[in-house]
Amino acid sequence: MSFFEAINTCLVKKYFTFSGRATRSEFWWFKLFTFLVLYGSIFLGVLIYPNNPEVIGTTYAILTILLIIPRLSVAIRRLHDAGTSGWFIFF
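These numbers come from a predicted model, not from an experiment.

1. Some words on the overall build of the protein chain
Within the protein chain one finds three helices and zero strands. If one aligns the C-alpha atoms of the protein chain with their principal axes, the spans along those axes are about 50 × 30 × 20 Å. Residue burial in the protein chain is summarised as follows: out of 91 residues, 26% are buried. In the protein chain, the share of contacts with a sequence separation of at least 24, taken over all contacts with a separation of at least 6, comes to 66%. Of the roughly 6,100 Å² of accessible surface on the protein chain, a fraction of 72% belongs to carbon and sulfur atoms.

2. Section: the side chain of E26
Locating E26 in the fold gives a position in helix α2 (residues 24–48). Relative accessible area serves as the criterion here: at 3%, E26 is assigned to the buried category. Beyond its immediate sequence surroundings of up to four residues, E26 is in contact with M1, A6, T9, C10, R21, V74 and R77.

3. Here's the deal with the pattern of salt bridges
In total, this model carries three salt bridges according to the counting rule given. Here R21 ties to D81 by a salt bridge, and the two come within 3.7 Å at their closest N and O atoms. Taken together, the positions of R21 in the loop between α1 (3–13) and α2 and D81 in helix α3 (residues 53–81) put the pair 60 residues apart, joining distant regions of the chain. R21 sits in the exposed class, given a relative accessible area of 53%.

4. A look at a nonpolar patch on the surface
Among the surface-exposed residues, W29, L32, F35, L36 and Y39 lie close enough to one another that they form a single nonpolar patch of about 490 Å² accessible area. Along the chain, Y39 falls in helix α2.

5. Let's talk about the packing of aromatic side chains
Counted under the stated rule, the structure contains ten aromatic pairs. Judged by centre distance (5.8 Å) and plane angle (40°), the rings of W87 and F90 are tilted. An identical accessibility class is assigned to W87 and F90; each is exposed. Three or more aromatic residues link up through ring pairs in this structure, and these residues are F3, F4, W29, F30 and F33.

About the cut-offs
Residues numbered from 1 in each chain as written. Predicted model: local features only at pLDDT ≥ 70, side-chain atom pairs only at ≥ 80, totals over all residues. Heavy atoms only, no water. Helix = DSSP H or I, 4+ residues; strand = E, 2+ residues; numbered from the N terminus. Buried < 20%, exposed > 50% of the residue type's maximum accessible area, 1.4 Å probe, protein only. Contact = heavy atoms within 4.5 Å. Areas by Shrake-Rupley, 256 points an atom, 1.4 Å probe, with all protein chains shown as cover. Salt bridge = Lys/Arg side-chain N within 4 Å of Asp/Glu carboxyl O. Patch = residues over 30% accessible without salt bridge, like charges linked within 9 Å, V, L, I, M, F, W, Y side chains within 5 Å. Phe/Tyr/Trp six-rings, centres within 6.5 Å; stacked < 30°, edge-to-face > 60°.

Below, the structure written as C-alpha cells:
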C-alpha cells in the first residue's frame, strides 16, 4: 500500500471502521501522515504567526480532534491484524 492509498483508506473509506484489519504499511503510512500534518501545522504557524501562540495551539487542537477517530480506527484495526483485541489500545 502506498502513502496516498493509506491516507485515502483511513480518511475516506474507513474513517469510522473499527472492525477488520489494517496492514503494517497502512498503519505506518497513516502515522507518518498525521505526524507531518500536526507538526507541519506547528512549523507553519510559527513561521506565519511568530508572536501569536494561541493561533498555533488552536490550529493544532482542531487538527488533533479531526484526526483522533481515524487514528484510533487504524490502530484498532492494526491490533486486530496482529491477533489481539482492539481493547488493548486502552492499556
